[in-house]
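# Architecture at a glance
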Amino acid sequence: MPPASPGPIMRRRRLGVDLRRLREAAGLTGDQVIERIGWASASKLSRLENGRSRPDPQDVRVLLDLYGADAAAQEELLAFAEAGDIKVWLKNFPVMTQQQRSWAELEAGCAEISEYNPVLVPGLLQTPEYAQVRIVSAREVSAGAGEPEPGDEPETEVQARMARQSLLTREPHAPRYTAVLEEAALVGRRAGPPEVLREQLVQLCHLSQQPNVTLHVLLRDTQVGNWYLPPTAFSVYRFADPLDPETLAIEGGFTDVMSTEAITLNSYKVVFEWLCTAALSKSDTRSWLIEATGRLTEAVPQSTVAFGPATAPSQRRGDSGRLTDR
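Treat the numbers as computed from the prediction; the structure is a model and nothing was measured.

Definitions and cut-offs
- Residues numbered from 1 in each chain as written.
- Predicted model: local features only at pLDDT ≥ 70, side-chain atom pairs only at ≥ 80, totals over all residues.
- Heavy atoms only, no water.
- Axes fitted to C-alpha atoms, helices over the stretch in contact; angles between N-to-C directions.
- Helix = DSSP H or I, 4+ residues; strand = E, 2+ residues; numbered from the N terminus.
- Parallel < 35°, antiparallel > 145°, perpendicular 65-115°, else oblique.
- Left-handed = near helix turned anticlockwise from the far one by under 90°.
- Contact = heavy atoms within 4.5 Å.
- Nonpolar A, V, L, I, M, F, W, Y, C, P; charged D, E, K, R; others polar.
- Buried < 20%, exposed > 50% of the residue type's maximum accessible area, 1.4 Å probe, protein only.
- Salt bridge = Lys/Arg side-chain N within 4 Å of Asp/Glu carboxyl O.
- Phe/Tyr/Trp six-rings, centres within 6.5 Å; stacked < 30°, edge-to-face > 60°.
- Lys NZ or Arg CZ within 6 Å of the ring centre and 35° of its normal.

## Focus: the packing of helix 2 (residues 30-37) against helix 4 (residues 57-67)
Relative orientation and spacing of two packed helices are given, respectively, by the angle between their axes and the distance between those axes. Running from amino to carboxyl end, helix 2 crosses helix 4 at an angle of 110 degrees, the nearest separation of the two axes being 11 Å. Between helix 2 and helix 4, the crossing angle belongs to the class labelled roughly perpendicular. Relative to helix 4, helix 2 is oriented so that their crossing is right-handed. Judged by residue contacts, V33, R36 and I37 of helix 2 engage V62, L63, L66 and Y67 from helix 4. For the contact of helix 2 with helix 4, a count of residues per class yields six nonpolar, no polar and one charged.

What follows is the structure, encoded as structure tokens:
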């Protein structure tokens, strides 16, 4: 069975590598190319070759003609340029913010995703209600800082986030997904309204049953490594094609950083292993989620929640006192 096709970011990177190779084979420097084509910006070629800008197929065609690329190479690279164009790739998606586009581009074509967030449930796991709380609160911060209000309604952004989540259940190439979730992000009083957190726990219970999904809950007082404290949220993306480099995304409150540097990546991979080792196992995490769902169900008025399979009567308590599946 063939692997999932690479997403726009990976396609842009591979397109850039091939364009640079063809330019060098033609004996041209970047300055010579800019001069012959007449581009106004000298950095335009650099951004294209480094995969940092979305390719305009017409620009790529001009470069291929200049480099004397043969018909087969032109056909292949123009196809990459068109597939790497976010407007083409996202034509079936709801409107996305720039940040959501960045995540969607990385997620597309992934074979494996590893995520940790010290304060939030990662976007690929969020319920619509939880996402709404997060999006609205972030917009209030932006408005308070005097930033222009986004043009789209929060519901549209929630819809886009839900569309991204289809990645975890796509057939036949759903990626392996592993997340370490902080206890405080799931049941802490500052994490959200109780009824919203309760439904989020139900969703996590469902997702934990997916064969490609592994969730680990990190309890509040658990020591990580030699008292290591992870300072920020991060994700590691791995791709099926060895030509596509692993990518690290470090998520800040309002800015994100991405890197393919091996040294930086390896450091975060070590941290993720520490987090997984310190956190509850996959099976113990599911038991914890079920118990936490039950506690929140008791705390939330019955009229405000819709009960799901995660709290069905078929559950029973094992000898350890934890809820287990029948």
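## With respect to the environment of R295
You can see R295 is positioned in helix 13 (residues 282-299). In this structure R295 comes out as partly exposed when scored by relative accessible area, which is 45%. Spatially, the C-alpha atoms of R295 and R198 are 8.8 Å apart, while their sequence positions differ by 97 residues.

## Here's the deal with the pattern of salt bridges
Evaluated as defined, the whole model comprises nine salt bridges. Between K44 and D59 there is a salt bridge; the shortest N-O distance is 3.0 Å. Taken together, the residues K44 in helix 3 (residues 43-49) and D59 in helix 4 connect sequence positions 15 residues apart. A relative accessible area of 27% means that K44 is categorised as partly exposed. Notably, a salt bridge pairs R238 with E246, separated by 2.7 Å at the nearest N-O pair. Classification of E246 as partly exposed rests on a relative accessible area of 26%.

## Here we look at the packing of aromatic side chains
Aromatic ring pairs are described here by two measures, namely the spacing of the ring centres and the angle between the planes. Taken as a whole and assessed by the stated rule, the structure comprises four aromatic pairs. Judged by centre distance (5.6 Å) and plane angle (70 degrees), the rings of Y228 and W274 are edge-to-face. Of this pair, Y228 sits in the loop between strand 3 (213-218) and strand 4 (233-239) while W274 sits in helix 12 (residues 262-278); the two residues are 46 residues apart in sequence, bridging distant segments of the chain. Arranged with centres 4.9 Å apart and planes meeting at 70 degrees, the rings of F234 and Y268 form a pair that is edge-to-face. Note that F234 is positioned in strand 4 and Y268 in helix 12, a separation of 34 residues in sequence. Put simply, the rings of Y116, F234, Y268 and F272 pair up and form one aromatic cluster. Over the face of the ring belonging to W39 we find K44, whose NZ or CZ atom lies 4.5 Å from the ring centre. In this structure, R134 is placed above the aromatic ring of Y130, and the distance from its NZ or CZ to the ring centre is 5.0 Å.

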